Amino acid sequence: MYINVLELLEDNVRDNPDRIALSDENESITYLELQAKAKAVAAYIIRNSQPEDGLKATIHLPGPVAVCIDRDIRSMILFMGVVYSGNFYVPIDVNMPKERIELIFRDLDPIMTIASSDQTIEGIDIRYYADIMEEGCYDPEETEKKLAVIRKGHIDTNPLYAIYTSGSTGVPKGVLISHRSVIDLVEQFAVTFPFPKIPVFGNQAPFDFDVSVKDIYNSLFNHGTVTVIPKAFFSMPLKLIEYINDRKINTMIWAVSAMRIVENFKTFSKISTESPRLIMFSGEIMPVKVLNYWKENVPGAIYVNLYGPTEITCNCSYYIIDRDFDQDESLPIGVPFRNTQILLMDTENSQPVTQTGKEGEICVRGTSLALGYYGARDRTDESFRQSPLSGKYPEKIYHTGDLGYYDDNGLLRFTSRKDYQIKHMGHRIELGEIEVAVCAIDYIDAAVCVFDTDREKIVLFYQAGVGADAFATDKELERDIVKNLGRRLQKFMWPNVYRRYESLPLNKNGKIDRKALAETLKNKYEEE
Amino acid sequence: MDEIISILEEVRPDLDFAAEKALIDDGILDSFDIITIVGEFNDAFDIEINVADLLPENFNSAEAMWELVQKLKNA
């Protein structure tokens, strides 16, 4: 039984050492090389951060190593190096706004920060891949000894990675995932989906998205290759399909938003592909129009709708597309994976819903549950709660905040959110996080965000006070709001529509009336 | 040209489009920006930007986009 993801890597080194493990636009490496480089990275981390020896080393606890990522294989080599060093990795996108990076680093306090390319973060000491490799002339015998001690002390509930996601209080949350959960994920994927004999994964998702976790570890488990697709190709879809053909990519685990781009530009009118055999998508609701476009143009592939939040290790349910769908239908999120249980909890009485068609909150039981939010006990306890079903022994279930029901065919269907979390441009966003950032601007008195699902736009309703008169027009004021938000929020969180109010309407509890605002929005659009 | 700049500024209020020359090559515009920009151009100028027009050289600068729009308008 596997207890460490490195065992998956080592199986490849034993069985197919010369197979390409990772490739990107510029370079590629075999499994044997991957292991050697990862060990060099580990040696560097150990040498520079963990002087402990003897008995102390046997109770080594994994610590966070921040990894500044790029669209390259070096990011993945660094991940494996961190794991060999007995620590867990935390992918960081240095292009995030400064304040957000600061919040994450304050929360994380990493033992070291390493980077795949020449990224910089103000005030942070970064060790670079190139320098680590140059120094690579480590003492192999000594390193192997140290690695062996670390491995001996390893247990499968040790954390493997943390991925930061939007938090409603304005502070991002680090979702901490164990080796055990990832091993379970790839074992269940392998028995559920028909992977090609040697899968070549076309990696679309950035490494700070957990969609990419499925590329990396499914590839290790199925002895495949991960091919990183350059980001710019998603703006220039002809090149994207050319690349899929050139690299013989046969397995795609993509965000819905990336598949939409191909449909949006009617890409298959100019180029075709027969390369993909297995196409899985997740992240937001897949429009049937987009799915049908792909099915018509790439008919040889099997399509799978995947569902689940980062907190349950990527996905908890799946639906293999087994029939045609009309444009006015929606896709089911399907059935739970093996070794995962989904409970629909009645929000009124905290008991599971057992009737077809009745709505409940989607809650998850099983090995897939995250260890929690890093350094945030209270926030962990809010979402990972004692199961009301197993009252006589401790057991946590994860409350997703998603509402759903079982249809007449016994398939799970997603309906809506319980709270103010949205999916926008493939990202999971807490509207509260945007509101906190807007309200932090000096001249803003109050602000509320509403998501217009039909038009896919974040609408900001705000009330401005002292200081706002420095701007001649509302338009100038809005430009300044965006400038301010740019320091805190990633671009996909910026509001798309602005509505200024002298005073925002209140409901009978004295809170800003979101419902009334959402309604006026509809009227406003009709007038326009 | 002004109309082009004004559309671009709506999409990305944080950028100075008069100065940027490598919007695609440097990854400044992402795929969502391109989708929005193409949609806005199609509507504003009554053109149809085709997937074959989606090349870095056509979108690296406001000027390049202007040239593309002129070409398609006259086509």
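Just so it is clear, the model here is predicted, and its values are computed rather than measured.

K.L.:
Lay out the nonpolar core in plain terms, naming residues and giving numbers.
P.N.:
Residue and element names in this part refer to chain A. In this structure, Val67 and Tyr217 are the most contacted members of the largest nonpolar core, which totals 139 residues. Broken down by element, the residue count for this core peaks at 10 residues, all from helix α2 (residues 31–49). Counting contributing residues per domain, this core is built from domain 1 (5–228) and domain 2 (230–419), each supplying no fewer than three. Not counting chain neighbours up to four residues away, the residues in contact with tyrosine 217 comprise Val5, Leu8, Val182, Leu185 and Val186.

K.L.:
Describe the sheet that holds strand β26 (residues 497–501) of chain A, naming the residues involved and giving the relevant values.
P.N.:
Residues and elements named next belong to chain A. Reading across from one edge, β24-β25-β26 is the order of the 3 strands in this open sheet, with mixed pairing throughout. With partners counted over all chains shown, the strands left at the sheet margins are β24 (444–452) and β26, one partner each. Taking the axes of each pair of neighbouring strands and ignoring which way they run, one obtains an average angle of 20° across the sheet. Relative to strand β25 (residues 457–464), β24 runs antiparallel, the two being bridged by 8 bridges. Residue pairing for β25: alanine 447 is matched across the bridge by tyrosine 462.

K.L.:
Tell me about the confidence of the model for chain B, and name the residues and values.
P.N.:
Residue and element names in this part refer to chain B. Mean pLDDT for chain B: 91, with 100% of residues reaching 70 or above. Confidence, read as mean pLDDT per element, is least for helix α1 (residues 2–11) in chain B (89) and greatest for helix α4 (residues 62–74) (94). In the model output, the complex is listed with pTM 0.91 alongside ipTM 0.88.

K.L.:
Which residues make up the packing of helix α8 (residues 179–192) of chain A against helix α9 (residues 211–221) of chain A, and what values go with them?
P.N.:
Residues and elements named next belong to chain A. It is the contact of α8 with α9, at a shortest axis distance of 9 Å, that shows an interaxial angle of 70°. It follows from the interaxial angle that α8 and α9 lie roughly perpendicular. Regarding α8 and α9, the two cross each other, and that crossing is right-handed. The residues of α9 that touch α8, namely those facing Val182, Leu185, Val186, Phe189 and Ala190, are Val213, Tyr217, Asn218 and Phe221. Class assignment of the residues belonging to the contact of α8 with α9 gives a composition of 8 nonpolar, 1 polar and no charged.

K.L.:
Provide a residue-level description of the pairing of strand β16 (residues 340–345) of chain A, including the pertinent values.
P.N.:
Residue and element names in this part refer to chain A. Burial runs high along β16: 5 of the 6 residues are buried. When β16 meets strand β17 (residues 360–366), the two strands line up antiparallel, connected through 6 bridges. Residue pairing across strands places threonine 340 opposite glycine 366, the latter belonging to β17.

K.L.:
Tell me about the interface of chain A and chain B, residues and numbers included.
P.N.:
With 19 residues of chain A at the contact, the number on the chain B side is 15 residues. Looking at the side of chain A that touches chain B, the elements with two or more residues in it are α10 (237–246), α11 (256–264) and α15 (474–486) of chain A. Of the residues that constitute the side of chain A that touches chain B, the class distribution is 9 nonpolar, 5 polar and 5 charged.

Rules behind the numbers
Residues numbered from 1 in each chain as written. Chains lettered and ligands numbered in written order. Predicted model: local features only at pLDDT ≥ 70, side-chain atom pairs only at ≥ 80, totals over all residues. Core = buried A, V, L, I, M, F, W, Y, C linked by C-beta atoms within 7 Å. Buried ≥ 20, exposed ≤ 12 C-beta atoms within 10 Å, placed from the backbone. Helix = DSSP H or I, 4+ residues; strand = E, 2+ residues; numbered from the N terminus. Domains from an automatic or database assignment. Contact = placed C-beta atoms within 7 Å. Pairing = 2+ DSSP bridges. Axes fitted to C-alpha atoms, helices over the stretch in contact; angles between N-to-C directions. pLDDT = per-residue confidence, 0-100. Parallel < 35°, antiparallel > 145°, perpendicular 65-115°, else oblique. Left-handed = near helix turned anticlockwise from the far one by under 90°. Nonpolar A, V, L, I, M, F, W, Y, C, P; charged D, E, K, R; others polar.

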